[in-house]
Amino acid sequence: MRDEPVGLDEGRLIAALKEGWSVEARSHEYLPVGFGGYHWSVTDRRGADWFVKVDDLDAGDAGREDEFARLRGSLATTLALSRDAGLDFVVAPVPGGDGDVLRRLSPRYTVAVFPMIAGAAGEFGPHRPEHLAEMADLLAGLHSATPAVAHLAARADLRLPGRDRLTAALADLGRPWTDGPHGEAARELLTAHADRVRTWLADFDRLAGEVRRDPAPWVVTHGEPHPGNVLRAPSRTWLLDWATVQIAPPERDLWMLTTTFTGMLGEPPATPGEDPLARYESRTGRTPSPAAIALYGRWWPLADLAVYADTLRRPHPDTEDTRATLTYLTLTLDS
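Calculation notes
Residues numbered from 1 in each chain as written. Predicted model: local features only at pLDDT ≥ 70, side-chain atom pairs only at ≥ 80, totals over all residues. Heavy atoms only, no water. Helix = DSSP H or I, 4+ residues; strand = E, 2+ residues; numbered from the N terminus. Rg over C-alpha atoms; globule rule 2.2 N^0.38 Å. Buried < 20%, exposed > 50% of the residue type's maximum accessible area, 1.4 Å probe, protein only. Contact = heavy atoms within 4.5 Å. Areas by Shrake-Rupley, 256 points an atom, 1.4 Å probe, with all protein chains shown as cover. Lys, Arg positive; Asp, Glu negative; His and termini not counted. Charge placed at Lys NZ, Arg CZ, Asp CG, Glu CD. Axes fitted to C-alpha atoms, helices over the stretch in contact; angles between N-to-C directions. Parallel < 35°, antiparallel > 145°, perpendicular 65-115°, else oblique. Left-handed = near helix turned anticlockwise from the far one by under 90°. Nonpolar A, V, L, I, M, F, W, Y, C, P; charged D, E, K, R; others polar. Pairing = 2+ DSSP bridges. Phe/Tyr/Trp six-rings, centres within 6.5 Å; stacked < 30°, edge-to-face > 60°. Lys NZ or Arg CZ within 6 Å of the ring centre and 35° of its normal.

Concerning the overall build of the protein chain
Here's step 1: A count of helices and strands for the protein chain gives 12 helices and 10 strands.
Here's step 2: For the protein chain, whose C-alpha radius of gyration is 20 Å, the value lies close to the compact-globule estimate of 20 Å for 335 residues.
Here's step 3: Dimensions of the protein chain, computed from C-alpha atoms along their principal axes, come out at roughly 55 × 55 × 35 Å.
Here's step 4: Every one of the 335 residues in the protein chain was classed for burial, and the buried ones make up 49%.
Here's step 5: Look at the contacts in the protein chain between residues 6 or more apart in sequence, and 72% of them connect residues 24 or more apart.
Here's step 6: Surface accessibility of the protein chain: about 15,600 Å² in total, with carbon and sulfur atoms responsible for 52%.
Here's step 7: Charge separation in the protein chain, taken as the distance between the mean sites of 36 positive and 49 negative side-chain charges, equals 3 Å.

With respect to the packing of helix α11 (residues 290-313) against helix α12 (residues 320-334)
Here's step 1: At a minimum axis separation of 9 Å, α11 and α12 run at an interaxial angle of 140°. Of the possible angle classes, the one that applies to α11 and α12 is oblique. For the crossing formed where α11 meets α12, the hand is left-handed. Residues P301, L305, Y308, T311 and L312 of α11 lie in contact with α12, whose contacting residues are T322, T325, L326, Y328, L329, T332 and L333.
Here's step 2: Of the residues that constitute the contact of α11 with α12, the class distribution is 8 nonpolar, 4 polar and no charged.

Considerations on the sheet that holds strand β3 (residues 49-56)
Here's step 1: With respect to topology, 5 strands assemble into an open sheet ordered β1-β2-β3-β5-β4, the strand pairing being antiparallel. The two strands at the open ends of the sheet, each matched to only one other strand, are β1 (25-31) and β4 (103-104).
Here's step 2: Set on the sheet, helix α1 (residues 10-21) makes contact with β1, β2 (38-44), β3, β4 and β5 (109-115); between it and β5 the angle comes to about 55°.

Some points on the packing of aromatic side chains
Here's step 1: By the definition in use, this model includes 8 aromatic pairs.
Here's step 2: Where W255 meets F261, the ring centres are 5.1 Å apart and the plane angle is 80°; that geometry is what we call edge-to-face. The pair W255 / F261 is uniform in exposure class, with both members buried.
Here's step 3: An aromatic cluster is built from F124, W255, F261 and W300, whose rings are joined through pairwise contacts.
Here's step 4: R104 extends its terminal NZ or CZ atom over the ring of F68, reaching a point 4.9 Å from the ring centre.

This is how it looks when you write it as structure tokens:
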């Protein structure tokens, strides 16, 4: 997120850190990183560094109170995975003085605090071939921790997030999108690919029905274990950003280790080596489902399209973020 959150009082953020976590900021810096949240680096008066995340409750499909409850549940699940299940690769939130992991900054914005970890994060894209085995092992460990968080984690429903918005955008292609500077370009792109998107939606429905009929148990999943959410140091690896943690089919994570993911990105398959899905099966005794892998291969671009098309169909300014949204829309439709 390149643009800072609209209408957020940064002074209120600094005050909330002191009130909720006894973090008295000596310095702070906005970090234009990530997607779906806003981030700051904060150094307190003792010299400790913190990673601070602000979420916009208006960003999701649910109302503000439902979104707040979802975020709080995700953070509580993440803390339990680290503290109760003992998963040392989980970067968990720091509880506040009252034990809570999330505070309201305003009716619209929330704040959570994380430790600042020295390491290098990757970028969104396929995993490097030499990292696939490690990721298969990490995901096997996560999925095996399901009993520790089964009472906390939300359960996936296999419904496409934002489907109503995408359907509305497809139905609105017959009139100009002139409520923002990138609306017409977005409409022309979606018009050119509309039949393809409708085919994707039909594929999604067919695959979702097949996965629902599969009796195999669901597990706790991260949801987005791509390299951009992996932090590496010379002797450690961590998995970041657990906002989408859910009980779901394990393929919700595993598909990002497959050629379905690299194909969606237009990337060549990884260099032949040990099959990460076979390695996962050897660790868990569970054979990944091709139908579920394919489902999440449809899920990801459709969910992104719903966000991008809706953003550019509605009133929007000309900012770095909205220009990036048009770029992402183009890349997704051309994938």
